[in-house]
Amino acid sequence: FWPGLLTDQPQSNAEIMKAAIAKIGFALSPGQMNQLAGRMTFALNTFVKQNKIQDSGAGRDRRFFKK
């Protein structure tokens, strides 16, 4: 799910989250939003460690993109 949301252009966490919500296609409760954000963070960090995607920057300036 998550790698399919990434492009060749660097994207922030907020941009990836917006794409995820749009792909899900229905309104999420605040609790569901928090759970989705946590899963996204874990997944993106795991994919970076596995060299499946790349990242640049740190903290709020961190961006993710396809290899």
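Everything below is about the structure printed above this text.
Residue positions are given per chain, counting from 1 as you read along its sequence in written order. For a predicted model such as this one, the threshold for reporting local features is a pLDDT of at least 70, and the threshold for listing and counting side-chain atom pairs is 80 or more; totals across whole chains, interfaces and linings nevertheless cover every residue. Working from all heavy atoms in the structure, the side-chain values ignore hydrogens and water.

(A) Seen up close, the overall build of the protein. Put simply, DSSP H or I for four residues or longer makes a helix, DSSP E for two residues or longer makes a strand, and each gets a number counted from the N terminus. If you tally the helices and strands in the protein, you get 2 helices and 2 strands. Note that the radius of gyration is over C-alpha atoms, with the globule rule given as 2.2 Å times the number of residues to the power 0.38. Radius of gyration (C-alpha) of the protein: 12 Å, near the 11 Å computed for a compact globule of 67 residues. Expressed along its principal axes, the backbone C-alpha trace of the protein runs to roughly 30 × 20 × 20 Å. In the protein, which comprises 67 residues, the share counted as buried stands at 25%. Once local pairs closer than 6 in sequence are excluded, the contacts in the protein between residues at least 24 apart make up 41%. For every accessible area listed, the method is Shrake-Rupley and the probe measures 1.4 Å; residues are considered covered only by the protein chains on display. Element-wise, carbon and sulfur atoms account for 53% of the exposed surface of the protein, whose accessible area totals about 4600 Å². A gap of 9 Å separates the mean positions of the 10 positive and 4 negative side-chain charges of the protein. Classification of residues uses two cut-offs on accessible area relative to the type maximum, computed with a 1.4 Å probe and protein chains only: under 20% is buried, over 50% is exposed, and between them is partly exposed. Should any heavy atoms of two residues lie within 4.5 Å, those residues are considered in contact. Counting rule for charge: Lys and Arg are taken as positive, Asp and Glu as negative, and neither His nor the chain ends is counted. By convention, the point assigned to a charge is CZ for Arg, NZ for Lys, CD for Glu and CG for Asp.

(B) Quick look at the side chain of Q11. Tracing the sequence through the fold places Q11 in the segment before α1 (13-24). Looking at Q11, the relative accessible area reads 12%, which means it is buried. A distance of 3.3 Å separates a polar atom in the side chain of Q11 from the backbone nitrogen of T7. The residues touching Q11, leaving out its near neighbours within four places in the chain, are L5, L6, I16, R62, R63 and F64. Polar contacts, as used here, are pairs of N or O atoms within 3.5 Å; protein pairs need one atom able to donate a hydrogen and one able to accept it. Residues neighboring in sequence count only if both atoms are side-chain atoms.

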